[in-house]
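Summary of the model geometry
Here are the chains, one letter per residue:
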Amino acid sequence: MALKAVHVSDVPNLDQVTENASVSLYSTRFSKGVDLGRGAYRVPKFLVIGHRGHGMNVLQSSDRRMRAIKENSIASFNAASAFPIDFVEFDVQVTKDGCPVIFHDDLILSQDNGGVVYERRVTELSLSEFLSYGPQREPGKEGNALLRKNKDGKIVKWDVETDDSLCTLQEVFQQVEPSLGFNIELKFDDHVVYQQDYLTHVLQAIFQVVFEYAKDRAIVFSSFQPDAAMLVRKLQNTYPVFFLTNGGTEIYYDVRRNSLEEAMKLCLEGGLQGIVSEVKGVFGNPGAVAKIKEAKLSLLTYGKLNNVAEAVYVQHLMGIDGVIVDLVKEITEAVSDMIKPADEEESGDGKPQLAAKPQFSQLELAFLLKLIPQLIQL
């Protein structure tokens, strides 16, 4: 299959998208979708989203599940689709010749024949250079070594049990189970100041692929970069846009990134549809959830705590709309057991009845929020 670089001049006039365009916010495998227009909307079920597909890679982890399948790969996305999840989340960057590719880290690390480790910025590579790292699809062809720097600074080989080639956004649309929704994270370097012209160039290259290949697939855009998130909403209104935030668990120079309140303010100013927060930011500031709901914004979370079933259940009770998880199998099973849709509950006469949802007072819920971090020894 030939891969083509996308140039800004090829992008259709996205301003022509209608204001009341319909969008399937959640996977067509489980729901019908919602109309997204001028009014507010709600996620109608508790969403489970696969982080970088079947789960992110933690190469130094003693847990084999964190090294099972190459993250952000077609193999990982399709493995995740075997479970009742609504979306997979993945990171998109654009190469220097204008092609959207799937990769999380800002830098690719490799090793030359002499054993010297070097790094290159993903956005400064051409498409062919990017695809030359790691396993190659062409039989008999060996790719450049693919390494990764752990959080402790140690550089290790990117060894996983099921490896796969690096891929483009176009390939993901064409080769991943079509009923699976895509949460497309627009990836930018936290340490780089971007000009609007550059952001527009990158976003339009991504839109070109999305609008050509999405068809009926559910799509949600998200980004930690405040200006990029605002610009996505300005350039198109077919798909919802969520702002990613650490929720105050880390502090940045850009104050818009430093709290749930700032995230809510940005969403309301820019017409964004929701927030994706580090779950610890929500547990540390539970009062913000009600404010976010009152503002008619959706709220999703990510983070290690989302691999703990009890923490996920408490979020459901809090009114959070969904979770991004690494342990797709375990959390989908737990959600299925703990959060049964009303139409699955039947009375003795065979007629559906409303599932009894456990009721907690604010005091009891506050106690749970304090207890969970202690139980898992944060």
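1. Things to note about the overall build of the protein chain
Looking only at helices and strands, the protein chain has eleven helices and 16 strands in total. Here the protein chain holds 378 residues, and the buried ones make up 54% of them. Considering only contacts within the protein chain whose residues lie at least 6 apart along the sequence, 66% involve residues at least 24 apart. In the structure as shown, the protein chain presents an accessible area of about 18000 Å², 50% of it carried by carbon and sulfur atoms.

2. Considering the environment of Ser298
Residue position: Ser298 is located in strand β15 (residues 298–302). Taking the C-alpha atoms as reference points, Ser298 and Gly322, 24 residues apart in sequence, are found 9.0 Å from one another.

3. Points about the pairing of strand β3 (residues 47–51)
β3 sits mainly inside the fold: five of its five residues count as buried. The alternating pattern of β3 places Leu47, Ile49 and His51 on one face and Val48 and Gly50 on the opposite face, and all of these are buried. Inspection of the sheet shows β3 paired to strand β16 (residues 322–325) by four bridges, in the parallel sense. Opposite Leu47, over in β16, you have Gly322 as the bridge partner. Two elements, β3 and strand β4 (residues 87–94), share three bridges in a ladder whose sense is parallel. The residue bridging Gly50 from the neighbouring strand is Val88, located in β4.

4. A word on helix α4 (residues 196–213)
End to end, α4 covers 26 Å across 18 residues, agreeing with the expected 26 Å (1.5 Å per residue, within 8%). Where α4 is concerned, the buried positions are Leu199, Thr200, Val202, Leu203, Gln204, Ala205, Ile206, Phe207, Gln208, Val209, Val210 and Tyr213. Contacts from the buried residues of α4 go to β4, β5 (100–102), α3 (169–175), β11 (181–186), β12 (219–223) and α5 (226–235). Lys215 lies just past α4 and shows a positive phi near 55°.

5. Observations concerning the packing of aromatic side chains
The full count for this structure, using the stated rule, is twelve aromatic pairs. Each ring, one from Phe173 and one from Phe182, has its centre 5.1 Å from the other, and the planes form 55°; the classification is tilted. Of the two residues, Phe173 and Phe182, both sit in the buried class. On the numbers, 5.6 Å between centres and 15° between planes, the contact of Tyr194 with Tyr198 is stacked. For Tyr194, a relative accessible area of 17% translates into the label buried.

6. Focus: helix α6 (residues 260–270)
Among the residues of α6, those classed as buried are Leu260, Ala263, Met264, Leu266 and Cys267. One face of α6 carries all of its buried residues, which in axial projection span an arc of 160°. Here the buried face of α6 lies against α5, β13 (241–245), β14 (274–278), α7 (279–283) and α8 (287–294). Remark: Gly271 follows α6 within two positions and exhibits a positive phi of approximately 75°.

7. Description of the pattern of salt bridges
Tallying each qualifying case throughout the model produces 16 salt bridges. Between Glu129 and Arg120 there is a salt bridge, and its shortest N-O distance comes to 3.7 Å. Overall, Glu129 belongs to the partly exposed group, its relative accessible area being 25%. Under the relative-accessibility criterion, Arg120 is labelled partly exposed at 29%. Close ionic contact of Lys293 with Asp321 constitutes a salt bridge, the shortest N to O distance being 2.5 Å. Taken together, the residues Lys293 in helix α8 and Asp321 in the loop between α9 (309–318) and β16 connect sequence positions 28 residues apart. Each member of the salt-bridge network shares a partner with another, and the members are Arg52, Glu71, Asp105 and Arg148.

8. Some points on unusual backbone geometry
Among all residues save glycine, negative phi is the norm, and among peptide bonds the norm is trans. Unusually for a residue other than glycine, Lys215 sits at a positive phi of about 55°. Turning to its location among the elements, Lys215 is positioned in the loop between α4 and β12. Its relative accessible area of 72% is what places Lys215 among the exposed residues. Unusually for a residue other than glycine, Lys296 sits at a positive phi of about 60°.

9. Things to note about the nonpolar core
Membership of the largest hydrophobic core comes to 75 residues, with the highest contact counts inside it found for Phe90, Leu169, Phe173, Ile184 and Phe221. Per-element tally for this core: the top contributor is α4, with nine residues. Not counting residues up to four positions away in its chain, the partners in contact with Phe221 are Asn183, Ile184, Leu186, Ile206, Phe207, Val210, Val232, Gln236, Tyr239, Pro240, Val241 and Phe242. Of all hydrophobic cores here, the second largest spans 15 residues; its members include Phe103, Leu125, Val156 and Val160.

Scoring rules and cut-offs
- Residues numbered from 1 in each chain as written.
- Predicted model: local features only at pLDDT ≥ 70, side-chain atom pairs only at ≥ 80, totals over all residues.
- Heavy atoms only, no water.
- Helix = DSSP H or I, 4+ residues; strand = E, 2+ residues; numbered from the N terminus.
- Buried < 20%, exposed > 50% of the residue type's maximum accessible area, 1.4 Å probe, protein only.
- Contact = heavy atoms within 4.5 Å.
- Areas by Shrake-Rupley, 256 points an atom, 1.4 Å probe, with all protein chains shown as cover.
- Pairing = 2+ DSSP bridges.
- Expected span 1.5 Å × (residues − 1).
- Phe/Tyr/Trp six-rings, centres within 6.5 Å; stacked < 30°, edge-to-face > 60°.
- Arc of directions from axis to C-beta.
- Salt bridge = Lys/Arg side-chain N within 4 Å of Asp/Glu carboxyl O.
- Core = buried A, V, L, I, M, F, W, Y, C linked by side-chain atoms within 4.5 Å.

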